[in-house]
Amino acid sequence: MEPLARAIEAALFAAEEPMDAGALADLLGGADRRDVEAGLCAVQADYANRGVHLVVREGRWHFETAPDLAHLLRREREQVRRLSRAATEVLAIVAYHEPVSRAEIEAIRGVQTSGGTLDVLMEAGWIRIAGRREAPGRPTIYATTPEFLDHFGLASRKDLPGIAELKAAGLLDRIEDAEELPDPPGASESRGEAPQHRDEAGN
Amino acid sequence: MEPLARAIEAALFAAEEPMDAGALADLLGGADRRDVEAGLCAVQADYANRGVHLVVREGRWHFETAPDLAHLLRREREQVRRLSRAATEVLAIVAYHEPVSRAEIEAIRGVQTSGGTLDVLMEAGWIRIAGRREAPGRPTIYATTPEFLDHFGLASRKDLPGIAELKAAGLLDRIEDAEELPDPPGASESRGEAPQHRDEAGN
Amino acid sequence: MSETGLFPAQADTVEDDWEGIAAPARQDDAALYLALDGWEGPLDLLLDLARRQKVDLRAISILALVDQYLRYIERAEALKLELAADYLVMAAWLAYLKSALLLPREEQEEPSAEELALRLQIRLARLGAMREAAARLMARDRIGRDVFLRGAPEGLAIATRTRWRSDQFALIEAYGRVRARTAPVVHMVRERPVMTLDSALNRVSAMLGVALDWMELVEFLPPHADPQLRRSALASSFVAALELARLGKAELAQESVFGPLLLRRVA
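Residues numbered from 1 in each chain as written. Chains lettered and ligands numbered in written order. Predicted model: local features only at pLDDT ≥ 70, side-chain atom pairs only at ≥ 80, totals over all residues. Heavy atoms only, no water.

### Re the overall build of chain A
This is how the line gets drawn: Helix and strand assignments come from DSSP, with helices taken as H or I runs of at least 4 residues and strands as E runs of at least 2, each series counted from the N terminus. Only protein chains enter the accessibility calculation, which uses a 1.4 Å probe. A residue is then buried if its area is under 20% of the maximum for its type, exposed if over 50%, and partly exposed in between. The contact definition used throughout considers only heavy atoms, calling two residues in contact when any of these lie within 4.5 Å. Residue exposure ignores everything except the shown protein chains as possible cover, and the areas themselves are Shrake-Rupley values with a 1.4 Å probe.
Looking only at helices and strands, one finds 10 helices and six strands in chain A. With 203 residues in all, chain A has 51% of them scored as buried. Contacts spanning at least 24 positions in sequence make up 50% of the contacts within chain A whose residues lie at least 6 apart. On chain A, roughly 9,400 Å² of surface is accessible, and the fraction owed to carbon and sulfur atoms is 48%.

Structure representation (structure tokens):
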């Protein structure tokens, strides 16, 4: 095994967080970035058929166990957060529509989203506040994090299942107010005034 | 790579502590212990020249980074900084008056000295704690180190110029208005109580 | 509720659109309410009904969907179930949509009923897409469940160590600075040119001895003295003049306030 590949292998084994090629090059005493990238690919190829794989998620590399061994390694203890249906839906909406405001999430789901649902996802480190939309009311907008991609084994957002097809079908277009279901005559008030109903918990 | 070797590799990679062959055999769905031991040896041989080694200590196996790469994983970044004016003054006082307590340093400097300044000088390796003064309160006393003499190119403390030489070199006249700080309250008294600082300075 | 399931458990068991909900109601109304509670709002219920048409969401019959929904709501009301307001709002809107769809096209208002139906369909498709996406996402190989990171990474430590630098001159200069700053302060009064009272007495009496007439006080002062000495000599000579007058050796005269002070020997 080449010295640089060995060093990359050791560094990524020891690292507590995924690292990109630049950080690795710095760590390895200012190695050339392209050499590091070539080395990463060599190590990745070397591990392709092993019990451990070298994977890259949006430019950041880490080792993880091979997915086909999940049945052997799956642990009884709760390592993975159990998400409510509401939380999984909100997560999917943020991932496929990002950046997206809470009102837009609610427009897609047709129900109010409790703040707790967003909190649970932020606490898990999967979504983050990505600023404010330059629109009336300047609503907070949300986006996913690198940890989200890591956790779900996605190389990038383009890797989200079916995202290209959904986009082509226009199902990921921004929801315009005009598209909202118009209220039936006389019903607008009660619709606006019933925020307390069906506030689903995010647990 | 053999399926059992792959599984062993993945299991030890993910394990939070070293595992023995028996524990591995249990984890891997009751594999035969001798097969597991053979598998461990195979994996170990496979990693022999890599950046990561499979090692066994008292019958328990774990991965660790190759010893020859340790320097890469624990880097010390060195940062060179010039000693501050205040710290240089304190160091000079220690050098001229050692052993000297903090109260005595303050009395000589005529200004209060933060503990951080002494810490910096100790971190630099130029002063050390030289015991306690057999006086009320048993104050810690400080002295210089051999590294101090090295760094400042002095064969011994006797090489330090005396007061008369300082005067002749004009070093006692270089006083700018901005440097004329009033004594802190109480400093004049302690100055009176530290007569021992005068004698050595003049030699 | 299953983590990965597309639908709430009770929805999966529903065979027919009404019996599914009515089944628990045979026991008591509270259970029925809970069953209805399995839907997250009217859009969720509509989506579930639409899926039961077992066709692509884009091909569903909106009229049939509206009828199904309205039947649910009617039955729930007949059972005196407490329905959340938004279910009723949706029912009212769907009833309106249905009547508009049944009207001849030319009598419809803007936007047309067909367009409203299309929007409803798009909303259902969008929610359906996200629900499927969520399920696919949750079914991926997830870290900590299906794949695992290194259990006990050594960690990469980058310690920053400061190396301090100074030099001999800085050290000696610092000591000089300290000593200069804290050297005992000595007050030195510089010598100033003065004429003492004694010398003024001598000078004035000597000059009076040779003078014939009244003389101004200023004429007794040293003629080319610098201003500071002159001031001192003026003060001393004035006191000397007073002293000579007291001793009866001289007399003083001043003709006007602040006028010249005149001095003459007493014969």
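Moving on, there is more to tell.
### So, the interface of chain B and chain C
Put simply, the rule reads: Buried area is a sum: the accessible area each of two parts loses on coming together, probed at 1.4 Å, counted once for each and added. In the sections that follow, a salt bridge refers to a side-chain nitrogen of Lys or Arg positioned within 4 Å of a carboxyl oxygen of Asp or Glu.
Contact with chain B, which involves 52 residues of that partner, is made by 34 residues of chain C. Of the roughly 4,400 Å² buried at the junction of chain B and chain C (both faces included), carbon and sulfur atoms supply 57%. For the pair chain B and chain C, the interface holds three salt bridges. We note a salt bridge from B:Glu89 to C:Arg181, for which the minimum N-O separation is 2.9 Å.

### Quick look at the side chain of B:Glu98
Residue and element names in this part refer to chain B. Rules: For this analysis, a polar contact is any N or O atom pair within 3.5 Å, provided that within protein one partner can donate a hydrogen and the other can accept it, and provided that sequence-adjacent residues contribute only side-chain to side-chain pairs.
As for its placement among the helices and strands, Glu-98 is situated in the loop between helix 5 (85–97) and strand 5 (100–101). Residue classification places Glu-98 among the buried positions, given a relative accessible area of 15%. A polar atom in the side chain of Glu-98 sits 2.5 Å from the side chain of Thr-144.

### What to know about the environment of C:Asp226
Residues and elements named next belong to chain C. Topologically, Asp-226 is positioned in the loop between strand 2 (215–216) and helix 10 (227–246). For Asp-226, a relative accessible area of 35% puts it in the partly exposed group. The sequence separation of Asp-226 and Pro-193 amounts to 33 residues, and the corresponding C-alpha distance is 8.6 Å. Separated by 3.0 Å, the side chain of Asp-226 and the backbone nitrogen of Gln-228 make a polar contact.

### Describing the side chain of B:Glu89
With respect to the helices and strands, B:Glu89 occurs in helix 5. For B:Glu89, a relative accessible area of 3% corresponds to the buried category. Separated by 3.0 Å, the side chains of B:Glu89 and B:Arg109 make a polar contact. Here the side chain of B:Glu89 touches C:Arg177 through a polar contact of 2.9 Å, side chain to side chain. Setting aside residues no more than four positions away along its own chain, B:Glu89 makes contact with B:Arg109, C:Ala174, C:Arg177, C:Val178 and C:Arg181.

### Topic: the pattern of salt bridges
Tallied over the entire structure, the rule returns 42 salt bridges over all chains. Across the salt bridge formed by C:Glu115 and C:Arg119, the nearest N and O atoms sit 3.0 Å from each other. Here C:Glu115 pairs with C:Arg119, and both are found in helix 7 (residues 113–138), just four residues apart, close to one helical turn. By relative accessible area, which is 33% here, C:Glu115 ends up partly exposed. Residue class for C:Arg119 comes out buried when judged on its relative accessible area of 17%. We note a salt bridge from C:Arg246 to C:Glu243, for which the minimum N-O separation is 2.9 Å. In this pair, C:Arg246 and C:Glu243 both sit in helix 10, three residues apart, roughly one turn of the helix. Here C:Arg246 falls in the exposed class, since its relative accessible area comes to 62%. Linked through salt bridges whose partners overlap, the residues forming this network are A:Glu9, A:Asp46, A:Arg50, B:Glu9, B:Asp46 and B:Arg50.

### Description of helix 6 (residues 102–109) of chain B
All names here are of chain B. Counting buried residues along helix 6, six of its eight residues qualify, which places the element largely inside the surrounding structure. By the burial criterion, the buried members of helix 6 are Glu-104, Ile-105, Glu-106, Ala-107, Ile-108 and Arg-109. Two residues or fewer past helix 6, Gly-110 is found with a positive phi of approximately 80°.

### Quick look at the sheet that holds strand 2 (residues 52–57) of chain A
Hydrogen bonds between backbone atoms are what pair the strands of a sheet, whose relative direction is either parallel or antiparallel. Residues and elements named next belong to chain A. Let me state the cut-off plainly: When DSSP finds two or more bridges between a pair of strands, those strands are recorded as paired. The axes used here are C-alpha line fits, helices contributing only the stretch in contact, and every angle between their N-to-C directions lies in the interval 0 to 180 degrees.
Spatially, three strands are ordered 1-3-2 in an open sheet, and the strand pairing comes out antiparallel. With one partner strand each, in any of the chains shown, strand 1 (19–20) and strand 2 form the two edges of the open sheet. Sheet strands touched by helix 1 (residues 3–14): strand 1, strand 2 and strand 3 (60–65). Its angle to strand 3, the strand with the most contacts, is close to 75°.

### Regarding the packing of helix 1 (residues 3–14) of chain B against helix 3 (residues 33–47) of chain B
Residue and element names in this part refer to chain B. Just so we agree on the cut-off: Note that the term roughly parallel is reserved for angles under 35 degrees, roughly antiparallel for angles over 145, roughly perpendicular for angles of 65 to 115, and oblique for everything else. Residues are sorted three ways: Asp, Glu, Lys and Arg are charged, Ala, Val, Leu, Ile, Met, Phe, Trp, Tyr, Cys and Pro are nonpolar, and all the rest, Gly among them, are polar.
It is the contact of helix 1 with helix 3, at a shortest axis distance of 9 Å, that shows an interaxial angle of 75°. With respect to each other, helix 1 and helix 3 are oriented roughly perpendicular. Here helix 1 contributes Leu-4, Ala-5, Ile-8, Glu-9 and Leu-12 to the contact with helix 3, which in turn contributes Asp-35, Val-36, Gly-39, Leu-40, Val-43 and Tyr-47. Taken together, the residues that form the contact of helix 1 with helix 3 break down as eight nonpolar, one polar and two charged.

### What to know about the sheet that holds strand 5 of chain B
All names here are of chain B. Spatial strand order, 5-7-6: three strands in an open sheet with antiparallel pairing. Two strands bound the open sheet, and with one partner strand each, they are strand 5 and strand 6 (127–132). Sheet topology note: the strand 5/strand 7 (residues 140–144) ladder contains two bridges and is antiparallel. Paired with Val-100 across the two strands is Tyr-142, which belongs to strand 7. Across the sheet, helix 5 lies against strand 5, strand 6 and strand 7, angled at about 90° from strand 7, the strand it touches most.

### Details of the environment of B:Thr145
Residues and elements named next belong to chain B. Within the secondary structure layout, Thr-145 lies in the loop between strand 7 and helix 8 (146–151). Linking Thr-145 and Trp-126, residues 19 residues apart in sequence, is a C-alpha distance of 5.3 Å. Filtering out sequence-adjacent residues up to four positions away, Thr-145 remains in contact with Gly-125, Trp-126, Ile-127 and Arg-128.

### Considerations on the nonpolar core
Put simply, the rule reads: For the purposes of this section, nonpolar cores are sets of buried Ala, Val, Leu, Ile, Met, Phe, Trp, Tyr and Cys residues that join through side-chain atoms within 4.5 Å.
Within the largest apolar cluster, 68 residues are counted, with the highest numbers of intra-cluster contacts made by A:Tyr96, A:Phe148, C:Tyr69, C:Leu94 and C:Leu97. Here this core takes 13 residues from helix 7 of chain C, the largest share from any one element. If near-sequence neighbours (up to four positions away) are discounted, A:Phe148 is found in contact with A:Leu91, A:Ala95, A:Gly125, A:Trp126, A:Leu154, A:Leu160 and C:Leu137. Counting 53 residues, the second-largest nonpolar core is a separate cluster that includes A:Ala21, A:Val43, A:Ala66 and B:Ala11.

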